[in-house]
Amino acid sequence: SQKIEQNSEALNIQEGKTATLTCNYTNYSPAYLQWYRQDPGRGPVFLLLIRENEKEKRKERLKVTFDTTLKQSLFHITASQPADSATYLCALGVSGTASKLTFGTGTRLQVTL
Amino acid sequence: EADIYQTPRYLVIGTGKKITLECSQTMGHDKMYWYQQDPGMELHLIHYSYGVNSTEKGDLSSESTVSRIRTEHFPLTLESARPSHTSQYLCASSEPPGSGGVTDTQYFGPGTRLTVL
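Residues numbered from 1 in each chain as written. Chains lettered and ligands numbered in written order. Predicted model: local features only at pLDDT ≥ 70, side-chain atom pairs only at ≥ 80, totals over all residues. Heavy atoms only, no water.

### A look at the overall build of chain B
Across its full length, chain B holds 0 helices and 11 strands. Written out in order from the N terminus, the α and β elements of chain B read β-β-β-β-β-β-β-β-β-β-β. For 117 residues, the compact-globule formula gives about 13 Å, and the C-alpha radius of gyration of chain B, at 14 Å, lands near that figure. By principal-axis analysis of the C-alpha atoms, chain B measures approximately 50 × 30 × 25 Å. When the 117 residues of chain B are sorted by exposure, 47% land in the buried category. Look at the contacts in chain B between residues 6 or more apart in sequence, and 55% of them connect residues 24 or more apart. (Helix = DSSP H or I, 4+ residues; strand = E, 2+ residues; numbered from the N terminus. Rg over C-alpha atoms; globule rule 2.2 N^0.38 Å. Buried < 20%, exposed > 50% of the residue type's maximum accessible area, 1.4 Å probe, protein only. Contact = heavy atoms within 4.5 Å.)

Here's what the structure looks like:
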């Protein structure tokens, strides 16, 4: 069956360090993968998109990699700040699924001083 | 901040009541979605729409129904609420594909936290 896995345990890191979050998937052939940020009690907010033919994407302090052989995406936040504390969701889009996304459970990131 | 709104933000209601969760967007997006999310769990798609008079059921079976009479409005209705319907309901819309193909970046509303007693 199709499955998207993100670390269920919270990731705790110190301010200024690089946070790395993992998204693994099985039985999917995604056309693209998106990362979202979700704060408690609010809807997710889009951060980055990477297509199947792209290896890496960057936006300010954010970097996403996409390895279709390993079936994995890594999401990096460099020089992390307490304001980066949130839950980060990965979502897969598959060709021919009529614009639908499938979301992972998310990983909660806690950045401490 | 996305221009997509949901009301009410919080709703506590008794079993058997009929409820409608409102969702509106001012971005002119054709595609809209309803998700259900329990605490610490993934978002599950329960309904989606490609445009006016188009509605489809999502991947997660739901007893709710939706309608799309206007582009900007996508309400969700529960005819008879039950405690099992207690959850957070998130509405989203997506922009048209950019150059290079389908992207479907989704913009979410703040959600409605529903509690059925």
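After that view of the structure, there is still more to cover.
### Here's the deal with the side chain of Thr107 of chain A
All names here are of chain A. In this structure, Thr107 sits in strand 11 (residues 107-112). A polar contact is formed between the side chain of Thr107 and the backbone oxygen of Asn7, at a distance of 2.8 Å. If we skip the residues at most four places from it in the chain, Thr107 touches Gln6, Asn7, Glu9, Leu11, Leu21, Ala86, Thr87 and Tyr88. (Polar contact = N/O pair within 3.5 Å; in protein donor to acceptor, adjacent residues only side chain to side chain.)

### Quick notes on the sheet that holds strand 3 (residues 19-25) of chain B
All names here are of chain B. Spatially, the 4 strands line up as an open sheet ordered 1-3-8-7, and their pairing is antiparallel. Across the chains shown, the open sheet's two edge strands, defined by having one partner strand only, are strand 1 (4-7) and strand 7 (65-66). In terms of strand pairing, strand 1 meets strand 3 through 4 bridges, oriented antiparallel. Within strand 3, the residue paired with Thr7 across the bridge is Glu22. (Pairing = 2+ DSSP bridges.)

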